[in-house]
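Structural overview for review
The chain contents come next:
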Amino acid sequence: MRIQLLSSLFLFSFSSFIYRVSTQPEHASFPPRGWNSYDSFDWILSEVDFLQSAEKISQRLQPYGYEYAVVDYLWYRKNVPGAHPDSLGFDVIDEWGRLIPDPDRWPSSEDGKGFTEVAQKVQSVGLKFGIHVMRGLSRQAYDANTPILDTTTGRAYEESGRLWRAKDIGITERACGWMPHGFMSVNTKLGAGRAFLRSLYEQYAEWGVDFVKHDCVFGNDLDVDEITFVSEVLQKLNRPILYSVSPGVIPTPVMAKDISGLVNMYRVTGDDWDKWGDVAAHFDVSRDFAAANKIGAKGLLGKSWPDLDMLPVGWLTDPGSGRGPYRMSNLNLDEQKTQMTLWAMARSPIMYGGDVRRLDETTSSLITNPFILEINSFSTNNMEFPFVTGTKVSAHKTTNHSRRSRRSLKEVGTSHTQFLGFTSCSHPKVNGWSIKALDQDLDQICWKESMRSHEPLCLYKRKPLLTSDGRLINNQGGFYLLASDEMEFCLDASPRKKRTSKEFNSGSFSPCGSDAKQMWELSNNGSLISSYSGLCVSVKSIDANVGNSGGVRSWIATGRKGEIYVALFNLNSEKTVTSATISDLTKALPGRNLKATSCHGREVWSGKDFGEIKDSISMELEMHGCALFALNCP
């Protein structure tokens, strides 16, 4: 089984680009490229919105190698009052406990057709169709104790003289860490467990699915048994399916080692959004995967690509908002260029997340930049380049453009930050929270210790939400913790995941709702207790310098014709002159002696031609900005 993967090819010169499309025989020969619905629609995507998006992808992005249109999670959940990402009882399942599209949002799925018609329409405009799926068995199917389909007979699975059902294969103690009321692992050691998983993926193939994003099987939810068996099923199908797995938390290269050969893509971060902290967190992760030789490593019937997550640029929504796209990305243009450049240099799959129906020219030129796509598809020897220096232009910090709150959890300096984690409430260093009233409606809860010259870390307390008739939405007891007094995002707790200061702007805070994970209590001895997990919040100071060399980073790669790409990144919150010497490039390029030569180069984003470069490349970079040099060195 082989896949014909469309990919971008460029005829390269410094003066012009000519684009053409070609087919490649190997499965996932290049990092896949496409669009995913999550950043713009959360989970409320409808068939109409999706097909409109696919049409626009075909018209505007397919010429640049964007070929996948992917429906993200909860396409089987009814969009009705009370339904949310971790709700129970709102999913549409068939008689065998398999999830099927919600017919109210996906009307073509009625009469057992599933995604068949949607897939055909997507493929008719030259694209490939993908879906997001969760690990194992849904809790709803488990509670209903549905029978299991044996696809070899077309009847209920029977073994050892009895019929097997969902409760025989579900492992309740292995619930998904971020959706515990939704899904659990299945016992793949049982024939019935394997039969259930086989019935899922054979159904996806029957629908015409080209791409599966398998979630909650990586990171702290790692399920090697399920990944292994699913990969075996996929190899036996008569339809090639690109296989991607997603984590609940940031994994390590060691964790990825066990599964990279079984998949084509694996996510190397958690739930990332359009916040600078999320972008900056990818630098260490991508460096480690490059050092572990995981970029383009052996994968399922081809190659495997570490996925740095979707690109949250353009017209977006918010995580857990339950609404469609309504705002522009919070990343400024410099930050967007930094993200796009890192994704290219690390050869991550490029999955655009914004509303493609409202694709503006600035965003379009960003995600279709020919140098970026050339590097992403065809560069080699991709790695972080440590021989880079930075000199700050100003001693004064620049205010983060996205900060709007008058009282908010502050972004600390580049030398130190605070680390929040969950630990046992018997730990002696959890008893340090105190409360003070700010005004009639708002209290502040602060950690007792300041952080050198910085103010103490403080959160904001709010009572549980009420319904229109005055009843509590969440009757678990306790209160909400907000990062800001002006933002409706509440702190989530999980016994499986540590939270860092980077995550104050991303996955650890989500829209306030009825989830028990958002309920907290303050004990008399000063500890913050999660009503959901029974754990307490711990705080310590750590070195928060995201990079090295004074907050600057660099990556290097080789082009198809021997050209050298060097990306310089400024992770500081102020302008920084960032430099690298030509002679040092040799240290990362075996067989290239550049000590006695000069290079001709240009900077990609500005278009500036630097002409002959003898000693070093250097540019003054904006806060969170970057430069990308393309060098011809004889």
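Fair warning: this is a prediction, and the values are worked out from it, not measured in the lab.

1. A few points about the sheet that holds strand E6 (residues 137-138)
In any sheet, the strands associate via hydrogen bonds between backbone groups, in a parallel or an antiparallel arrangement. Here we have three strands laid out as an open sheet, ordered E6-E12-E11, and antiparallel in their pairing. Whereas interior strands pair on both sides, the edge strands pair on one side only; in this sheet they are E6 and strand E11 (170-175). When E6 meets strand E12 (residues 183-186), the two strands line up antiparallel, connected through two bridges. Each residue of the ladder has a partner; that of Leu137, found in E12, is Met184.

2. A look at the pairing of strand E33 (residues 552-558)
In the case of a regular strand, side chains alternate between the two sheet surfaces. By the criterion of burial, E33 is predominantly enclosed, with seven of the seven residues buried. Residues Val552, Ser554, Ile556 and Thr558 of E33 are buried on one face, and the alternating residues Arg553, Trp555 and Ala557, pointing to the opposite face, are buried as well. Judged from the three bridges that link them, strand E21 (residues 380-384) and E33 form a sheet pairing that is antiparallel. By the bridge assignment, Glu384 is partnered in E33 with Trp555. With seven bridges connecting them, E33 and strand E34 (residues 564-570) associate as antiparallel partners. Across the sheet, Ala557 pairs through a bridge with Tyr565, a residue of E34. Between E33 and E34, which pair antiparallel in sequence order, lie five residues; one of them, Gly562, sits at a positive phi of approximately 90°.

3. A few points about the packing of helix H10 (residues 282-291) against helix H11 (residues 333-345)
Put simply, H10 and H11 touch, their axes get as near as 11 Å, and they point 10° apart. Comparing the axis directions of H10 and H11 gives the class roughly parallel. Contacts from His282, Phe283 and Ser286 in H10 reach Thr338, Leu342 and Trp343 in H11.

The rules behind these values
Residues numbered from 1 in each chain as written. Predicted model: local features only at pLDDT ≥ 70, side-chain atom pairs only at ≥ 80, totals over all residues. Heavy atoms only, no water. Pairing = 2+ DSSP bridges. Helix = DSSP H or I, 4+ residues; strand = E, 2+ residues; numbered from the N terminus. Buried < 20%, exposed > 50% of the residue type's maximum accessible area, 1.4 Å probe, protein only. Axes fitted to C-alpha atoms, helices over the stretch in contact; angles between N-to-C directions. Parallel < 35°, antiparallel > 145°, perpendicular 65-115°, else oblique. Contact = heavy atoms within 4.5 Å.

In short, the description is geometric, and any link to function would need to be established separately.
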